[in-house]
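# Structural description and commentary
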Amino acid sequence: MSTNGLSDLDLQIASLSVHADDSYAIVSDVAPPLHVSTTYHYDSDPSKLKAAKDRDVSVKDEKTTFIYSRFGNPVMERVEAVLSAILNGHAVVYSSGLSAYTGALTYYNPKRLSIGDGYHGCHGVARIFTRLSSLEKVPLLDDSVSAGDLVHVETPINPTGLCLDLAKAVEFAHSRGAKILVDATFAPPPLQDPFEFDVDMVMHSATKYLGGHSDLLAGVLVTKDPKVRQALLQDRGLLGGAPGNFEAWLLLRSLRTFKMRVETQAKNAGKLVAWLDSALKNNEIPILTKVYHASLQTEEFVTKQMNTGLFSPTFSIEVASAEIAKSLPSRLKLFHHSTSLGGVESLIEWRAMTDTSVPESLLRLSIGVEDADDLIADLKAALLFFSA
Ligand SMILES: *Cc1c(COP(=O)(O)O)cnc(C)c1O
């Protein structure tokens, strides 16, 4: 980004995660301090003060002039500098992924939302909009989509980690004058960059990989257009969607190690899936019936879209019965039986606990940064226990 002072260096994600906010530091501390103030001194020089009627009070975008923290605060600004750099656009951070999604639907205010399977919470937000406005939910790539509508693609998709064809969806949306938003939560950089396919907006639940430690809620919208960012900031300031100071600080701290976490998690997941797939094909584990992951997809678009050789660290398996799916998590020692994903600790979830749209025999796994062979041994022992 031009505003971070590093634009002439052509830095990579790992460097940007540590340095993209350097020029935003307002104290000399190397580790960014946690600023908790909700309000800030006005300038002590009266000649610099402007009445509200002569300035835009709903936006704080002038570097290091803060007024009230719902509109902007020092840590949030640093987080956005890093997120803008690593997500390849202009980022706006929110108090959760669904708060970000609410920001996107509010901004686009579409007549139709064309949305497929995927994260149930986004469907819940869309249902609220159908109550508040004339928004109509229609299937993904539905023939009714036209100008002014919004196409929502989640890829890789919850809970399987399978990829949807972005180039095809973008061509569909734009040929009809619609906008396209991608929920890219399951594959943050460097695993994929939806902007390479000319999408209009990218969303992440930063609670997941960007946060990465299962200890903060946050979300982010990314746009290529600075004017759109400005409009999003304005709405966020009024709707109160900004993250709390502490969460923003935790997120900034977490972003420093972002790339090494995601790469380790994706490599570990690749090893687990390869082992599960071969166990399935060789019939080594009678109760294992299905393995879902983009690394097992054969369509040509998949490796164009995710071209690092790594895929989402989250995927799903199916086992022989709902009863086994319900009981298996309790036998694992290195996986917590919990919902959510993206953290450094591996999780497994009997997905029927939170999602009514999946088979009851499905287990979703979010792979952490533990040793892959240890995770495989743990999973193998439990799967064989139920096969005996
Ligand atoms: C978790 C998640 C969300 C919602 O994010 P929150 O931070 O929980 O509000 C949206 N989309 C996907 C794909 C998710 O996994």
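For the structure, check the block above.
Our subject in this report is the structure included herewith. (Residues numbered from 1 in each chain as written. Predicted model: local features only at pLDDT ≥ 70, side-chain atom pairs only at ≥ 80, totals over all residues. Heavy atoms only, no water.)

### Observations concerning the state of the cysteines
- Scanning the model with the defined rule gives 0 disulfides in all.
- Not part of a disulfide, C122 finds its nearest cysteine sulfur in C163, a span of 17 Å.
- The class for C163 is buried, based on a relative accessible area of 5%. (Disulfide = S-S within 2.5 Å. Buried < 20%, exposed > 50% of the residue type's maximum accessible area, 1.4 Å probe, protein only.)

### Looking at the packing of aromatic side chains
- One pass over the full model with this rule turns up 5 aromatic pairs.
- An angle of 45° between the planes, with centres 5.4 Å apart, marks the rings of Y40 and F66 as tilted. Taken together, the residues span a long stretch of sequence, with Y40 in the loop between α1 (13-19) and α2 (74-87) and F66 in the loop between α1 and α2 at a distance of 26 residues.
- Among the residues examined, F66 registers a relative accessible area of 7% and is labelled buried.
- Judged by centre distance (5.1 Å) and plane angle (85°), the ring pair of F385 and F386 falls under edge-to-face.
- The aromatic ring of Y119 is capped on one face by K208, whose charged end is 5.3 Å from the ring centroid. (Phe/Tyr/Trp six-rings, centres within 6.5 Å; stacked < 30°, edge-to-face > 60°. Helix = DSSP H or I, 4+ residues; strand = E, 2+ residues; numbered from the N terminus. Lys NZ or Arg CZ within 6 Å of the ring centre and 35° of its normal.)

### A closer look at empty space enclosed by the protein
- Tallied over the entire structure, the rule returns 1 cavity of 30 Å³ or more.
- By volume, the largest cavity amounts to about 40 Å³.
- Looking at the lining of the largest cavity residue by residue, the class counts come to 7 nonpolar, 1 polar and 1 charged. (1 Å grid on protein atoms, 1.4 Å probe; cavity = no way out; pocket = protein on both sides within 12 Å on 5 of 7 lines; lining within 4 Å. Points joined across faces, edges and corners; volume = space filled by probe spheres on them. Nonpolar A, V, L, I, M, F, W, Y, C, P; charged D, E, K, R; others polar.)

### Here we look at unusual backbone geometry
- Here the amide bond leading from T155 into P156 is cis, since omega sits at -10°, within 30 degrees of zero.
- Cis peptide bonds are those with omega within 30 degrees of zero, and the linkage from N158 to P159 qualifies with -5°.
- Within the secondary structure, P159 is located in the loop between β4 (150-154) and α5 (166-175).
- The backbone of D10 shows a phi angle near 50°, a positive value even though the residue is not glycine.
- You can see D10 is positioned in the segment before α1.
- By relative accessible area, D10 is classed as exposed at 63%.
- Of note in this structure, N109 is not a glycine but carries a positive phi near 40°.
- Judged by its relative accessible area of 54%, N109 is exposed.

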